[in-house]
Amino acid sequence: MNDEDRIGKLFQQTKAEKRAAFIGYVCAGDPDFETSLSICRALVDNGVDLLELGVPFSDPLADGLTNQLAAQRALSAGCRREDVFRLVREIRAFSNLPIVLYTYYNLVFSPGVSTYVEQAREAGVDGLLTLDLPPEEAGELLEASKRHGMKNVFIVAPTTPADRIKLIADAASGFLYYVSREGVTGERADLAKDMADRLDAIRAESDLPLVVGFGISSSEQAGQVATMADGVVVGSALVNCITPLLGQRDDIPAVIGAKAAELLDGIRSVAES
Amino acid sequence: MSPSAMLEPVSRNSLPDEAGHFGPYGGMYVPETLMAPLYELSAAYEEARKDPTFQEELAHHLRSFAGRPTHLYFAERLTEFCGGAKIYLKREDMLHTGAHKINNAIGQALLAKRMGKRRIIAETGAGQHGIATAAVCARFGFECVIYMGAEDMRRQALNVFRMRLSGAEVRGVEAGQKTLKEAINEAMRDWVTNVRKTHYVLGSALGSHPYPRMVRDFHAIIGKETKAQILEAENRLPDEMIACVGGGSNAIGFFFEFLEDDEVRLTGVEAGGRGITDGEHAARFDGGKLGVLQGCKTWILQNEEGQIDLTHSVSAGLDYAAVGPEHAFYKDRGRIEYGHASDAEALEAFAKLCEVEGIVPALESAHGLAYAMKRAREMSPDSILCVNLSGRGDKDAQEVARLREGTTN
């Protein structure tokens, strides 16, 4: 059913339970379709509340090496637009968790924005995070999304000035995504220090749930962020589990599942304390 | 849509609009982290552009460091050889560091200085923009990091060494096809990470606003000089002007002053590579479609899924999947026409110019030249053709030698 607001329901639930949502990122089709599906199942089984699926693109300029390689593996394994939608449909067979596609605008623009949004929504996608599409250029996508009940997640960056936050918040739906560090995706040893102030500044402009990502790799960091944000995004730390196991792909889901469980412990520990 | 007679005339100075659009092209398609820095850059450039002190300083460095003005040279023996239009060459190859790229590198370095940014990054394809940036950074005492595809580093080994001599750090990019596109991705990643203290000197009329406009403006001097020089030499404007188009910076700089002189035919020449089939060329107007890549909406070589296609050209500087947005705009209006020259035609023109004029052109410029030689033959001896010789070919000598060995063996 296309009008179901899975994202809204999730954040209502996590708010009621006084905890942060656990958002897991992996690249669709990495390292191959079947393994990718098993990885998604392992993430769902180990407490991921919202799945962010990277759509492999030939030129992922906002991504660090980990996610670049993931996209390359998926593309070499033949992952196409239809395979990404098929992955979402297959996940829908066992889970009703919200799914957001993390993508680049050329992939949305290529088949026609409205067509893309409609097909994605039909497959069961709840939201799009289009990395190289600022609100200034997003008119066509926002209009099509409204028609098809698709949410549009936008990023607020450390470099975003206060007067831009409102512009972004007005364009966004579902949730807002604060990137905790300048730079591309990837694990970081330390988290930005002024995060709490920045999150307050964003909340002053928007009632949307606010999640934090880019560089969260340990359960301690996940816990730290969970005290401040409505959701914690972990990407590269999960994707990095894949690389050493490319020769034994059957083992990947269990290893990623264990990593997710560890991160979930970090998030839950602060909820209980 | 055909280049329609319904189009309103457009003033060349009215574009782009404030958000960087050339009609449906251009714009700002970048990650959020870069939006504020791009607005900052845009504001700083607007201010600098109108500041006479900045313009004087720029003019001074273009004269004393880069070696402007460059000559407009009547290529008498090439004209005789072709047996048609009089061929003039705008000698951007005579500039310091060997190509037009220095015009923009100086302009942006002065802007970086004004903005208080002392770390400079740049991408390079053929290496000419990297060399220009490295030299300017040495001149102004800036830290300099150049991103270059590993395949281009192989093709342009001499240029890599020259950049390092000027104190630049050259970082090889191993991703994808290992050419210009991947170098731009990596430079943008660096910029996203170090944006507060770094200025990204983008080297072509590409990417997000304000780059296409700013780079065009810094190269517009090529056309301004050409206009004065051809009026001096011939007392009239040329019938046609021809330049090669990779991203399109030398071409837009050459054409800009003439956009409203409707009697002057303007032709951009793309890389026809080994033929117009997938992955074998870089002629975006002959096989590309509308899309968004690396900051702007424009014509792009891509597959039906929106993944960016592989490209090929014998010249690294033309080997790129997208074309500058302003070119796309004037293509639609029919004001600039586009053709292409193949690898083989470019190599032949390269050899011919060496042989009859003693001038070694860059392989990029040789594409424009190859097309111009064909056109000259179709034109009458009293017509005039100006070609932008955007760079010199020292950097290509080794690669040409290698290709020749390959064909004689």
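Calculation notes
- Residues numbered from 1 in each chain as written.
- Chains lettered and ligands numbered in written order.
- Predicted model: local features only at pLDDT ≥ 70, side-chain atom pairs only at ≥ 80, totals over all residues.
- Heavy atoms only, no water.
- Helix = DSSP H or I, 4+ residues; strand = E, 2+ residues; numbered from the N terminus.
- Rg over C-alpha atoms; globule rule 2.2 N^0.38 Å.
- Buried < 20%, exposed > 50% of the residue type's maximum accessible area, 1.4 Å probe, protein only.
- Contact = heavy atoms within 4.5 Å.
- Pairing = 2+ DSSP bridges.
- Buried area = accessible area lost by both parts, 1.4 Å probe.
- Salt bridge = Lys/Arg side-chain N within 4 Å of Asp/Glu carboxyl O.
- 1 Å grid on protein atoms, 1.4 Å probe; cavity = no way out; pocket = protein on both sides within 12 Å on 5 of 7 lines; lining within 4 Å.
- Points joined across faces, edges and corners; volume = space filled by probe spheres on them.
- Nonpolar A, V, L, I, M, F, W, Y, C, P; charged D, E, K, R; others polar.
- Axes fitted to C-alpha atoms, helices over the stretch in contact; angles between N-to-C directions.
- Parallel < 35°, antiparallel > 145°, perpendicular 65-115°, else oblique.
- Phe/Tyr/Trp six-rings, centres within 6.5 Å; stacked < 30°, edge-to-face > 60°.
- Lys NZ or Arg CZ within 6 Å of the ring centre and 35° of its normal.

A.B. asks: Looking at this model, I keep getting lost on the overall build of chain B. Mind explaining?
C.D. replies: A count of helical and extended segments in chain B gives 14 helices and 14 strands. Taking 22 Å as the expected radius of gyration for a compact globule of 409 residues, we find that chain B reaches 20 Å, a close match to that expectation. In terms of overall dimensions, chain B has a C-alpha envelope of 55 × 55 × 50 Å along the principal axes. Residues counted as buried form 64% of the 409 residues belonging to chain B. Nonlocal contacts in chain B, meaning residues at least 24 apart in sequence, comprise 74% of its contacts between residues at least 6 apart.

A.B. asks: Would you explain the environment of alanine 341 of chain B in this entry?
C.D. replies: Residue and element names in this part refer to chain B. Mapped onto the secondary structure, alanine 341 falls in strand β13 (residues 336-342). Alanine 341 sits 300 residues away from leucine 41 along the chain, and the two C-alpha atoms are 36 Å apart. Non-local contacts of alanine 341, meaning those with residues more than four positions away in its chain, are made with Val269, Glu270, Ala271, Gly272, Gly273, His367 and Ala370.

A.B. asks: What is the right way to look at the sheet that holds strand β1 (residues 21-22) of chain B in this model?
C.D. replies: The strands making up a sheet associate through backbone hydrogen bonding, with each pair oriented either parallel or antiparallel. All names here are of chain B. Taken together, the 4 strands give an open sheet; going across it, the order is β1-β2-β12-β11, and neighbouring strands pair in antiparallel fashion. The open sheet has two edge strands, β1 and β11 (289-293), and neither has a second partner. The pairing of β1 with strand β2 (residues 25-29) spans 2 bridges and is classified as antiparallel. Its bridge partner being in β2, histidine 21 is matched across the sheet by glycine 26.

A.B. asks: Help me understand the interface of chain B and chain A, please; the structure alone is not making it clear to me.
C.D. replies: For an interface, size is often stated in terms of accessible area lost upon the parts coming together. The interface is formed by 37 residues belonging to chain B together with 37 residues belonging to chain A. Buried area between chain B and chain A, both sides added, is near 3000 Å², and the carbon and sulfur share of it is 47%. Area buried by chain B at its contact with chain A is led by Glu32, Arg189 and Glu305 of chain B, which between them contribute 23% of it. Seen at the junction of chain B and chain A, the total is 4 salt bridges.

A.B. asks: Please clarify how the environment of methionine 35 of chain B should be interpreted in this entry.
C.D. replies: Relative to the helices and strands, methionine 35 of chain B resides in helix α1 (residues 32-49). A C-alpha to C-alpha distance of 9.9 Å links methionine 35 of chain B and histidine 209 of chain B, two positions 174 residues apart in sequence. Residues in contact with methionine 35 of chain B, not counting those within four places in the same chain, are Pro134, Glu136 and Arg164 of chain A together with Met28 and Val30 of chain B.

A.B. asks: Explain empty space enclosed by the protein to me, please; I cannot follow it from the model alone.
C.D. replies: Using a probe with the size of a water molecule, rolled over the atoms, empty space left in the structure can be pinpointed. Residues and elements named next belong to chain B. Under the definition given, this model contains 7 cavities of 30 Å³ or more. In this structure, the largest cavity spans a volume of roughly 320 Å³. Lining the largest cavity we find 30 residues, and of these His100, Lys101, Ala126, Gly317 and Glu364 sit closest to its centre. Elements represented by at least two residues in the lining of the largest cavity include exactly β5 (119-124), α5 (128-140), α8 (180-194), α10 (249-255) and α13 (363-378). By residue class, the composition of the lining of the largest cavity is 10 nonpolar, 16 polar and 4 charged.

A.B. asks: How should the packing of helix α12 (residues 343-357) of chain B against α13 of chain B be read in this particular structure?
C.D. replies: Helix packing geometry: the angle between the two helix axes and the distance between the axes. Residues and elements named next belong to chain B. Where α12 contacts α13, the two axes come as close as 8 Å, and the packing angle between them is 90°. Relative to α13, the element α12 lies roughly perpendicular. On α13, the residues touching Glu345, Ala346, Leu347, Ala349, Phe350, Lys352 and Leu353 of α12 are Leu363, Ala366, His367, Leu369, Ala370, Met373 and Lys374. Considered class by class, the residues forming the contact of α12 with α13 number 10 nonpolar, 1 polar and 3 charged.

A.B. asks: Where do I start with the packing of aromatic side chains in this structure?
C.D. replies: The way to describe two aromatic rings as a pair is by their centre distance and the angle between their planes. Tallying each qualifying case throughout the model produces 16 aromatic pairs over all chains. Relative to tyrosine 200 of chain B, the ring of tryptophan 191 of chain B has its centre 5.9 Å away and its plane inclined at 65°; by these criteria the two rings are edge-to-face. On the accessibility criterion, tryptophan 191 of chain B (3% relative accessible area) is buried. The structure contains a cluster of three or more aromatic residues connected by ring pairs, namely Tyr105 and Phe109 of chain A together with Tyr29 of chain B. The side chain of arginine 41 of chain A reaches across the aromatic face of phenylalanine 94 of chain A, ending 4.2 Å from its centre. Its guanidinium or amino end placed over the ring of phenylalanine 258 of chain B, lysine 227 of chain B lies 5.2 Å from that ring's centre, counting from NZ or CZ.

A.B. asks: Looking at this structure, I do not really get the environment of isoleucine 276 of chain B. What am I missing?
C.D. replies: Residue and element names in this part refer to chain B. Of note, isoleucine 276 is situated in the loop between β10 (265-273) and β11. What makes isoleucine 276 partly exposed here is its relative accessible area of 34%. Spatially, the C-alpha atom of isoleucine 276 lies 25 Å from that of glutamate 405, the residues being 129 residues apart in sequence. Contact partners of isoleucine 276, with chain neighbours within four places excluded, come to His281, Ala283, Asp286 and His340.

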